[in-house]
Amino acid sequence: MPEKTLNDLFLTTLRDVYYAEKAIVRALPKMAKATGSEDLKEAFLTHRDETAGHVERLEQVFDILGKKASGKTCEAIKGIIEEGQEIMEDFQESDALDAGLIAAGQAIEHYEISRYGTLRTWAQQLGMRDAERLLDQTLAEEKKTDQLLTRLAEASANPKADKAA
């Protein structure tokens with residue numbers, strides 16, 4: 001069996017995050033529908049549109065590699081999305097729902113930040129400058145969304161959930 005290389009690991013991880021992004025595109029409208037906050041709804045729907053752009057960028061990276069864009073089942077994102085579903089069910093009609101939705105959204109963002117940071121670093125190591133640029137652009141957007149969710153949590157969702165007690 002031939003030895004696996006950083007190139008192989010890069011492609012495997014790229015397929016993982018491609019699957020994850022497509023799953024996130026499907027999850028975000030459900031999260032937007034569950035919230036009672038217009039600001040949070042807008043944040044989720046805006047990020048859904050950004051995420052569609054992330055999928056397109058990943059497809060460009062596959063093109064750079066000369067590979068067909070394809071996903072590899074990502075158990076991690078499946079679990080994170082499932083936890084978000086549980087929050088929507090368990091806290092439905094609760095003042096704590098939005099705080100829980102933000103936490104679920106940030107779990108998704110933190111997973112993506114981890115993956116894109118790793119992929120960008122590997123692209124740099126492998127001399128894939130165009131891929132590095134695309135991955136860095138997505139990483140910056142993921143970090144920006146995480147910061148927005150933190151602001152929404154601190155400004156409204158967390159205080160609302162705390163006052164309900």
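Look above for the structure.
Everything quoted here is computed from the prediction, not taken from an experiment.

## Some thoughts on the overall build of the protein chain
Next up, step 1: Of the regular secondary structure elements, the protein chain holds five helices and zero strands.
Next up, step 2: Mapped from its N terminus to its C terminus, the protein chain presents α and β elements in the order α-α-α-α-α.
Next up, step 3: On C-alpha atoms alone, the protein chain measures out to a radius of gyration of 17 Å, which is about the 15 Å that the 2.2 N^0.38 rule sets for 165 residues.
Next up, step 4: C-alpha extents for the protein chain along the principal axes are approximately 60 × 30 × 20 Å.
Next up, step 5: Relative to all contacts within the protein chain whose residues are 6 or more apart in sequence, the contacts with residues 24 or more apart total 80%.
Next up, step 6: Just so you have it, the protein chain exposes about 9000 Å², and 47% of that area is on carbon and sulfur atoms.
Next up, step 7: The distance from the centre of the 22 positive side-chain charges to the centre of the 31 negative ones in the protein chain is 5 Å.

## Quick look at the layout of surface pockets
Next up, step 1: Counted as a void, the largest pocket has a volume near 170 Å³.
Next up, step 2: In terms of lining, the largest pocket is formed by D39, E42, A43, T46, H47, E50, K144, T145, L148, R151 and L152.
Next up, step 3: Of all the secondary-structure elements, those providing two or more residues to the lining of the largest pocket are α2 (38-65) and α5 (129-163).
Next up, step 4: For the lining of the largest pocket, the element with the highest residue contribution is α2, accounting for six residues.
Next up, step 5: A per-class count over the lining of the largest pocket returns three nonpolar, three polar and five charged.

## A look at the nonpolar core
Next up, step 1: Judged by nonpolar contacts, the single largest core of 26 residues is most densely connected at M31, F44 and I77.
Next up, step 2: If you list the elements that add at least two residues to this core, you get α1 (6-34), α2, α3 (75-90), α4 (97-125) and α5.
Next up, step 3: Excluding residues within four positions of it along the chain, I77 makes contact with Y19, A20, A23, I24, I108 and Y111.
Next up, step 4: One finds V17, L58, V61 and W122 within the second-largest nonpolar core, a separate group that totals 19 residues.

## Quick word on the environment of G53
Next up, step 1: Within the element layout of this structure, G53 appears in helix α2.
Next up, step 2: Given the relative accessible area of 22%, G53 is considered partly exposed.
Next up, step 3: C-alpha of G53 to C-alpha of T121: the two residues are 68 residues apart in sequence and 21 Å apart in space.

The rules behind the values
- Starting from 1, residues in each chain are numbered consecutively following that chain's sequence as written.
- Residue-level local features of this predicted model are given only where pLDDT is at least 70; pairs of side-chain atoms are given and counted only at 80 or more, and the full residue set underlies all totals for whole chains, interfaces and linings.
- In computing side-chain values, all of the structure's heavy atoms are included and hydrogens and water are not.
- Every helix listed is a DSSP run of H or I at least four residues long, and every strand listed is a run of E at least two residues long, numbered separately from the N terminus.
- What the globule rule says is 2.2 Å times the number of residues to the power 0.38, and the radius of gyration is computed from C-alpha atoms.
- By the convention used here, residues are in contact when the closest approach between their heavy atoms is within 4.5 Å.
- The protein chains shown are the only cover counted for residues, whose accessible areas, like all others here, come from Shrake-Rupley with a 1.4 Å probe.
- Counted as positive: Lys and Arg. Counted as negative: Asp and Glu, with His and the chain ends omitted from the count.
- Note that the charge is assigned to NZ on lysines, CZ on arginines, CG on aspartates and CD on glutamates.
- Think of a 1 Å grid over the protein atoms and nothing else: a 1.4 Å probe that fits but is trapped marks a cavity, an open set flanked by protein within 12 Å on at least five of seven lines marks a pocket, and residues with an atom within 4 Å of a point count as lining.
- Grid points are joined across faces, edges and corners, and a volume is the space filled by probe spheres set on the points.
- Here the nonpolar group is Ala, Val, Leu, Ile, Met, Phe, Trp, Tyr, Cys and Pro; Asp, Glu, Lys and Arg are the charged ones; every other residue, Gly included, is treated as polar.
- Grouping buried Ala, Val, Leu, Ile, Met, Phe, Trp, Tyr and Cys residues that are joined through side-chain atoms within 4.5 Å yields what is termed a nonpolar core.
- Type-normalised accessible area, obtained with a 1.4 Å probe on protein chains alone, sets the label of each residue: buried when under 20%, exposed when over 50%, and partly exposed for intermediate values.

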